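What the coordinates show
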Amino acid sequence: MDKSVFYGDDDEESRDSGGDKRSRRGRGKLLLPYDMEVETLSRLPGKSLMKLLCVSKTWSSFIRSQRFVASYYAAKPSRFVAAFTNSVFGKPEHLFILSGEEEEASSSSSSSLVANLDMTIPSVTLPYNGYKYSSVHGFMACNDGTTFIICNPSTRQVVSFHCKAFRTSLGYDPVHDQFKALTLLTSVYDHIHNPSLMMCTHEVIRLGRGGVVVSRSSQVTSPYYLPMTVGRCINGFMYYGASVPVPNEAETPPTPVFVCFDVRNERILSFITTPKEVLVWKVYTSLIEYKGKLAVVVPNCLGCASS
C-alpha cells in the first residue's frame, strides 16, 4: 500500500497520469505520513469512519484495508465485539453485532463498558445451544449452515461464501497479514459408516482484500477427532476444543484435547491434552484470550471452577 494514501480521487488520478499532472494538481496540498493518518483516524469512532467511506474511493479503500483495521484495533486494546440473535426456532431471525470500548470514570479506580449496536444482519441466527463465536482481529465470523459470514463492525461490511461443510472457523496470520478460514470436512457420520477411519481432512480457505476467496486447499490432515468448540485465534494460532476417541476401545472415554492449527503454515501443529472438566460440552465452554494465551471459562454451576 502506498504510504501516502490520504488522497481524494483527483489526487489518485494525478498520481497515475504522470509527473506533470501530479505537479499541477498536487501543488500546495499537504500529504500526511501514513503513521499520522492512522493515528488521526484511529481516534475516531466507528460511525465517523462510516461517513468517511463516502469521501472518495481512496479513503474507502484505506479504511477498509486489513492494515488499517489492524492498526485501528491495536489502538483500542479494551474494545470488545459481541453478537446476539433474537430467534432460534421462529421468525424473524436477526443477528446483532455490537461493539464497545472501555471508558474511564471520574474515579481512576473504576471504569465502564459502553456497547453500541453497529449492524443488524437479517435472516441469520446463531444455533440454539451452539458454539460461542469470538472476534478475530476486529472481525466477527459465524456459520449459517454451510455459509460462512464475516462482519466488520467498524465499516458494517459483510461478506459471505460457501463452505463444503458446517464447521468453519476464522483465523489470522499476523506475519503475512492474511485471514484464513479452516473447515473440518470429516464428520462424525463418516466415522460411524467407517469405524476404521483414523484421519480428519480439512479445507483451508485463503481470503484476500475485501474478504474475497483467493484459493482453497484440502490437503490438511490430522488424526481423527470430534470438535467441541469453534476456533479461537491467538497470535497466529487457532485453538479449538475436541475429543479424541481411543482406538479399538469403545468403552474408554475419549481424550479431551485442544487442537492447535498453525494459520501461517497451514498445518495441525499439535493436540494438547486437557482435563475433562475444561471441555464439558461446547455450550458451556468459552475459549478466551488472556494475556496473549489461551484460557477457558466454564460456569461454576457445573460443579467445576473457572479455568
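Given the structure is predicted, the values throughout are model-derived calculations rather than measurements. (Residues numbered from 1 in each chain as written. Predicted model: local features only at pLDDT ≥ 70, side-chain atom pairs only at ≥ 80, totals over all residues. Heavy atoms only, no water.)

**Some remarks on the overall build of the chain**
- Per the secondary structure count, the chain includes seven helices and 18 strands.
- Going through the 307 residues of the chain one by one, you find that 42% of them count as buried.
- Contacts in the chain between residues at least 24 apart in sequence constitute 47% of all its contacts with a sequence separation of at least 6.
- Total accessible area on the chain is roughly 16600 Å²; 54% of this is exposed by carbon and sulfur atoms. (Helix = DSSP H or I, 4+ residues; strand = E, 2+ residues; numbered from the N terminus. Buried < 20%, exposed > 50% of the residue type's maximum accessible area, 1.4 Å probe, protein only. Contact = heavy atoms within 4.5 Å. Areas by Shrake-Rupley, 256 points an atom, 1.4 Å probe, with all protein chains shown as cover.)

**A closer look at the pattern of salt bridges**
- Within this structure, the stated rule accounts for four salt bridges.
- In this structure, the salt-bridge partner of Lys164 is Glu203, at a minimum N-O distance of 3.4 Å. With Lys164 in the loop between strand 7 (157–162) and strand 8 (167–173) and Glu203 in strand 10 (residues 199–207), this residue pair connects regions lying 39 residues apart in the sequence.
- Residue class for Lys164 comes out exposed when judged on its relative accessible area of 54%.
- One salt bridge in this structure joins Arg216 and Glu203, with 3.3 Å as the shortest N-O distance. With Arg216 in strand 11 (residues 213–223) and Glu203 in strand 10, the pair connects residues that are 13 residues apart, well separated along the chain.
- Overall, the relative accessible area of 36% leaves Arg216 in the partly exposed class.
- For Glu203, a relative accessible area of 0% gives the class buried.
- If you follow the salt bridges from partner to partner, you end up with Lys164, Glu203 and Arg216 in one network. (Salt bridge = Lys/Arg side-chain N within 4 Å of Asp/Glu carboxyl O.)

**Overview of the environment of Pro256**
- Along the polypeptide, Pro256 turns up in strand 15 (residues 255–262).
- By relative accessible area, Pro256 is classed as buried at 14%.
- Leave out the neighbours within four places in its chain, and Pro256 touches Ala242, Ser243, Ile272, Thr273, Thr274, Pro275, Lys276 and Leu279.

**As for the sheet that holds strand 11**
- Strand order in the open sheet formed by four strands is 8-9-10-11, with antiparallel pairing between adjacent strands. This sheet does not close on itself; its edge strands, each paired only once, are strand 8 and strand 11. Direction aside, the axes of adjacent strands within the sheet are offset by 25 degrees on average.
- Bridge count between strand 10 and strand 11: eight bridges; the pairing is antiparallel. Bridge pairing in strand 11 links Met199 to Pro223. (Pairing = 2+ DSSP bridges. Axes fitted to C-alpha atoms, helices over the stretch in contact; angles between N-to-C directions.)

**Remarks on a nonpolar patch on the surface**
- On the surface, Val188, Tyr189 and Ile192 cluster together to form a nonpolar patch covering roughly 320 Å² of accessible area.
- Along the chain, Ile192 falls in helix 7 (residues 188–193). (Patch = residues over 30% accessible without salt bridge, like charges linked within 9 Å, V, L, I, M, F, W, Y side chains within 5 Å.)

**Comments concerning the sheet that holds strand 6 (residues 147–152)**
- Taken in spatial order, the four strands of this open sheet run 4-5-6-7, and their pairing is antiparallel. The open sheet has two edge strands, strand 4 (135–136) and strand 7, and neither has a second partner.
- In this structure, strand 5 (residues 139–144) lies alongside strand 6, joined through five bridges in antiparallel fashion. If you follow Cys142 over to strand 6, its bridge partner there is Ile149.

**Looking at the pairing of strand 8**
- Within strand 8, six of the seven residues are buried, which leaves it mostly tucked inside the rest of the structure.
- Hairpin remark: strand 8 followed by strand 9 (residues 178–184), antiparallel, with four residues in the connecting loop; positive phi at Asp177, about 50 degrees.

**Examining the environment of Asn116**
- With respect to the helices and strands, the residue Asn116 is situated in strand 3 (residues 111–122).
- Judged by its relative accessible area of 38%, Asn116 is partly exposed.
- Separated by 19 residues in sequence, Asn116 and Ile97 place their C-alpha atoms 8.7 Å apart.

**Details of the environment of Thr40**
- Mapped onto the fold, Thr40 is located in helix 3 (residues 34–42).
- Since its relative accessible area comes to 41%, Thr40 is described here as partly exposed.
- In this structure the side chain of Thr40 is engaged in a polar contact, spanning 2.8 Å, whose partner is the backbone oxygen of Met36. (Polar contact = N/O pair within 3.5 Å; in protein donor to acceptor, adjacent residues only side chain to side chain.)

**Notes on the packing of aromatic side chains**
- In this structure the tally under the stated criterion is five aromatic pairs.
- Each ring, one from Tyr225 and one from Phe271, has its centre 5.8 Å from the other, and the planes form 90 degrees; the classification is edge-to-face. Taken together, the residues Tyr225 in the loop between strand 11 and strand 12 (226–227) and Phe271 in strand 16 (residues 267–273) connect sequence positions 46 residues apart.
- Under the relative-accessibility criterion, Phe271 is labelled partly exposed at 26%. (Phe/Tyr/Trp six-rings, centres within 6.5 Å; stacked < 30°, edge-to-face > 60°.)

**Examining the side chain of Thr186**
- Within the secondary structure layout, Thr186 lies in the loop between strand 9 and helix 7.
- Take Thr186: its relative accessible area is 11%, and that puts it in the buried class.
- A polar atom in the side chain of Thr186 sits 2.9 Å from the backbone nitrogen of Thr201.
- In this view, Thr186 contacts Leu197, Met199, Cys200, Thr201 and Tyr224; residues no more than four positions away in its chain are not counted.

Purely geometric numbers; function is a separate question.
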